[in-house]
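Topology and contacts: notes
Here's the letter readout for the chains.
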Amino acid sequence: MTKSKLIEIDPLKLPADWCVSNIDSITSYIQRGKSPKYTEKSDLPVINQKCVRWDGIDRAHQKYVHPEQYDKWTSERFLVDGDILWNSTGTGTIGRAALVHLIDSERLVVDSHITIVRPAKGIEPKYLHYWIMGNEVQNSIGVVQSGSTNQVELSKEAIQATPIPLAPTYTQKIIVNKIEELFSHIDAGVEGLKQAKAKLQQYRQSVLKDAVTGKLTKQWREQNADKLEPASKLLARIIDERRANWEAEQLKSFEEKGNAPKNDKWKENYKEPPQADVSSLPEIPDSWTWTTITQLGELNRGKSKHRPRNDPSLYGGDYPFVQTGDVRAADGLLTTYKQTYSKKGLAQSRLWPKGTMCITIAANIAETAILGIDACFPDSVVGFIPQNENVSVEYIEFFFRTVRADLDRYAPATAQKNINLAILETVSVPLMSIEEQRELVLQVTEKLASASRVEATIDGKIKHSLPLKSSILAKAFSGELVQHNSKENTKDLLDQIKAEKEASAETKPKRSTKRGKQVNSGRKSLLTVLNEQSEPVKPDELMQLAGFSFNEVEEFYIELAEISEKVEQLSPDEKKIKNWPYEKESETKLKLKD
């Protein structure tokens, strides 16, 4: 992110018919929204921060005002076409702005986290919106915002004081048209790049499908047919070795216990791995055969026996601890991780060897990666270790990518999706000779790597589109984007806006000084609080001392206006305020007149 800095506009570098103004001077209304009482559905939608997007209002996140509060919104608070909604609170959302386009004269209001900025007559709304969108304004927000890290705010005063290079009205329209023309070219290019990226993903899927159906290596297989072992013979040898290894382990266990078997009846305890049900499986090359993952090696869940699982003593050691998110982010080969086990953690888990294939069975279903390191993982991850060197773990990992969607469908539709080991044990896998497995892995790896290189180029071009737009906006508001000498005068425009605002203020019905309801029993009158102070106080301090809540800002200023003749405002020293004039309002102090 670019470092925050105040906006600096040199009027001498602007076209002769431009001037430097501020947002307060070119708007007819600036006001934060109100905190409503919500209901599930009503006739009055309320827009919140999530709705505010640079390209408009996202209605998917809108809420609704309770009918009993309909009369709490005065007429000026209802949105009109051309209003700009400016997110004014929250790290990550502050500063984003949307232009309002009403549908069929609908009624809309905003909550207290958004400021309504209503351009005056003679100000093109899109012109102001594009200025807010640009780097000059966005990079200044970090300076002018107030509040703590998690409660940052863009105050009304900061918005009012925000400078803007002001062009004559007709020039504003020409600039907006040019911006939109150039942006549309960029957007069309980006959309084409995104479509190309989507096609790359289809290409990857096509490569994997061709690999596991025999199409990819068809020519190679035909050229080497006389050198390849039939997969059925290879599978038989793997299954025999699997049983032989089990029997050897059992005999070793008998020997360690000093309990040699008297006969071979113990061999009946061997559990044969499930066989592939070929009745519903697609055709594969004649030299291939169908098998199951468990016939090809060990398939077991990870271990994390200790409870609670988050016991700090389990973590922080030298043993990598891989979790489902690490598998998903690995892109085939897993070498990075976010957590480690201590010796205590290792003791209640298992250290799987480098070359183990990890399969997630919770949260992210059937995501796969091959360990590039020795690592532990919990029971939400299943490990597969090939029986011997005649089974390529890279090939098995590629195959599992092709059945990911099918396995995901086995997961129940619950908040925490998961599948069990029994489902994986029956997954049918096409097996071919080890030579063809290696050739297949080589071809797939090369094609996927090529696709990744193209994708990286596409991503780079998409990323480059953002600074392109920023550059266009910078030129637009420096007067370099379009060349147009207007007979209009921006000084006259500002005088016209000022006169209209003053006329509107005179004709606007004044609020009654009589309180429509009793003052909250927990509040003090402002005169009482000011009388109690030995030193002048800031408005926000006075508000807090008097017992007004954050949602009662408007009521506070109404009461302050009612006693204005008895209150003196002490303006701050410009030299003592670093961010003048943005902090001027917040540094003003109040006291009772002598």
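Residues numbered from 1 in each chain as written. Predicted model: local features only at pLDDT ≥ 70, side-chain atom pairs only at ≥ 80, totals over all residues. Heavy atoms only, no water.

Attention shifts here to the sheet that holds strand E7 (residues 63-65). Overall, mixed pairing links the 4 strands, which are arranged E3-E7-E4-E10 in an open sheet. Of all strands in the sheet, those with a lone pairing partner are strand E3 (38-39) and strand E10 (109-110), marking the two edges. The pairing of strand E4 (residues 45-47) with E10 spans 2 bridges and is parallel. Following the sheet pairing, Val46 is matched in E10 by Val109. (Pairing = 2+ DSSP bridges. Helix = DSSP H or I, 4+ residues; strand = E, 2+ residues; numbered from the N terminus.)

It helps to recall that an α-helix has 3.6 residues per turn; residues three or four apart then point in one direction. Of all 10 residues in helix H10 (residues 393-402), 7 are buried, a share of seventy percent or more. Considered for burial, the residues of H10 that qualify are Val393, Tyr395, Ile396, Glu397, Phe398, Phe399 and Phe400. (Buried < 20%, exposed > 50% of the residue type's maximum accessible area, 1.4 Å probe, protein only.)

As a volume, the second largest pocket reaches approximately 1,200 Å³. Those elements giving two or more residues to the lining of the second largest pocket turn out to be helix H1 (125-133), helix H2 (135-138), helix H3 (141-144), helix H5 (169-213) and helix H13 (434-476). Examining the composition of the lining of the second largest pocket, we find that 7 residues originate from one element, H5, more than from any other. Class assignment of the residues belonging to the lining of the second largest pocket gives a composition of 14 nonpolar, 17 polar and 9 charged. (1 Å grid on protein atoms, 1.4 Å probe; cavity = no way out; pocket = protein on both sides within 12 Å on 5 of 7 lines; lining within 4 Å. Points joined across faces, edges and corners; volume = space filled by probe spheres on them. Nonpolar A, V, L, I, M, F, W, Y, C, P; charged D, E, K, R; others polar.)

A separate point is the packing of aromatic side chains. According to the stated counting rule, one finds 11 aromatic pairs in the structure shown. Considering the side-chain rings of Tyr315 and Phe321, the 6.0 Å spacing of their centres and the 55 degrees angle between planes classify their relative orientation as tilted. A relative accessible area of 21% means that Tyr315 is categorised as partly exposed. For Phe321, a relative accessible area of 4% gives the class buried. Between Phe399 and Phe400 the ring centres are 6.1 Å apart and the planes differ by 90 degrees, which places this aromatic pair in the edge-to-face class. Judged on exposure class, the residue Phe399 and its partner Phe400 are both buried. Aromatic rings pair up to connect Trp246, Phe254, Trp266 and Tyr270 into one cluster. (Phe/Tyr/Trp six-rings, centres within 6.5 Å; stacked < 30°, edge-to-face > 60°.)

Let us now look at the pattern of salt bridges. With the rule as written, the count across this model stands at 23 salt bridges. Measuring nitrogen to oxygen at the nearest pair gives 4.0 Å for the salt bridge that ties Lys501 to Asp24. Separated by 477 residues along the polypeptide, Lys501 in helix H14 (residues 490-507) and Asp24 in the loop between strand E1 (19-22) and strand E2 (27-32) bring together distant segments of the chain. In this structure, the salt-bridge partner of Arg204 is Glu455, at a minimum N-O distance of 2.8 Å. Of this pair, Arg204 sits in helix H5 while Glu455 is found in helix H13, placing the two residues 251 residues apart along the sequence. Side by side, Arg204 and Glu455 carry an identical accessibility label, which is buried. (Salt bridge = Lys/Arg side-chain N within 4 Å of Asp/Glu carboxyl O.)

The 4 strands lie next to each other as E2-E11-E8-E9, forming an open sheet whose pairing is antiparallel. Edge positions in the sheet fall to E2 and strand E9 (97-99), since each of these pairs with one other strand and no more. Across this sheet, the average inter-strand angle for adjacent strands is 15 degrees, counted without regard to direction. In the packing of H1 onto the sheet, the strands contacted are E2, strand E8 (84-87), E9 and strand E11 (114-119), and the crossing angle to E9 comes to about 165 degrees. (Axes fitted to C-alpha atoms, helices over the stretch in contact; angles between N-to-C directions. Contact = heavy atoms within 4.5 Å.)

Looking at the secondary structure, you find Arg309 in the loop between strand E14 (297-301) and strand E15 (315-321). Separated by 36 residues in the primary sequence, Arg309 and Gly345 place their C-alpha atoms 9.7 Å from one another. In contact with Arg309, other than residues within four places in its own chain, are Ser304, Leu314, Tyr315, Pro378 and Asp379.

So, about the nonpolar core. With 49 residues, the main nonpolar core has Trp86, Val117, Tyr127, Leu128, Ile175 and Ile179 as its most contacted residues. Where this core is concerned, the elements lending two or more residues are E8, E9, H1, helix H4 (156-161), strand E12 (163-166), H5, H13 and H14. For this core, the element with the most residues is H5, which contributes 8 residues. In contact with Ile175, other than residues within four places in its own chain, are Trp18, Tyr127, Ala167, Ala476, Leu481 and Val482. Listed in part, the 46 residues of the second largest apolar core include Trp290, Ile365, Ala366 and Leu424. (Core = buried A, V, L, I, M, F, W, Y, C linked by side-chain atoms within 4.5 Å.)

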